[in-house]
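Below are the chains, spelled out letter by letter.
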Amino acid sequence: MTIRLRIPAGAGPDDRIFCDDCGEFLGTWDDLLTDFERQGGQDGVFRLDKGRIKRID
C-alpha cells in the first residue's frame, strides 16, 4: 500500500497536507511528521520518500 501526499514546496509545520489520490485532508505537516516519527521514523514499518508513505514488507 502506498499513500501519496500532496506536500507544498517548502512546507511548514502548519501547512495542510492532503492525499494526492483522493484529496482527503490528512493533517498538518507537523502532525504527519510527528506521527511518522512515533511509528519508528525511517527505521519503522513505513518509509517516507518523495511525498510517498510506503509500508515496508
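Structure first, text after, so check above.
Residues numbered from 1 in each chain as written. Predicted model: local features only at pLDDT ≥ 70, side-chain atom pairs only at ≥ 80, totals over all residues. Heavy atoms only, no water.

Caption draft 1: Molecular detail of the overall build of the chain. Looking only at helices and strands, one finds 1 helix and 5 strands in the chain. From first element to last, N terminus to C terminus, the chain shows the α and β order β-β-β-α-β-β. Across the 57 residues of the chain, 19% fall into the buried class. The long-range fraction of contacts in the chain, counting pairs at least 24 apart against all pairs at least 6 apart in sequence, stands at 21%. (Helix = DSSP H or I, 4+ residues; strand = E, 2+ residues; numbered from the N terminus. Buried < 20%, exposed > 50% of the residue type's maximum accessible area, 1.4 Å probe, protein only. Contact = heavy atoms within 4.5 Å.)

Caption draft 2: Seen up close, the packing of aromatic side chains. Counted according to the given criterion, the structure contains 1 aromatic pair. For the cation-ring pair, Arg 16 lies above Phe 25, with the distance from its terminal atom to the ring centre recorded as 4.0 Å. (Phe/Tyr/Trp six-rings, centres within 6.5 Å; stacked < 30°, edge-to-face > 60°. Lys NZ or Arg CZ within 6 Å of the ring centre and 35° of its normal.)

Caption draft 3: Structural view of the state of the cysteines. Summed over the entire model, instances satisfying the criterion amount to 0 disulfides. Just so you know, Cys 19 is unpaired, no disulfide at all, and the nearest cysteine sulfur is the one on Cys 22, 3.7 Å from it. Cys 19 sits in the buried class, given a relative accessible area of 10%. Judged by relative accessible area, which is 55%, Cys 22 ranks as exposed. (Disulfide = S-S within 2.5 Å.)

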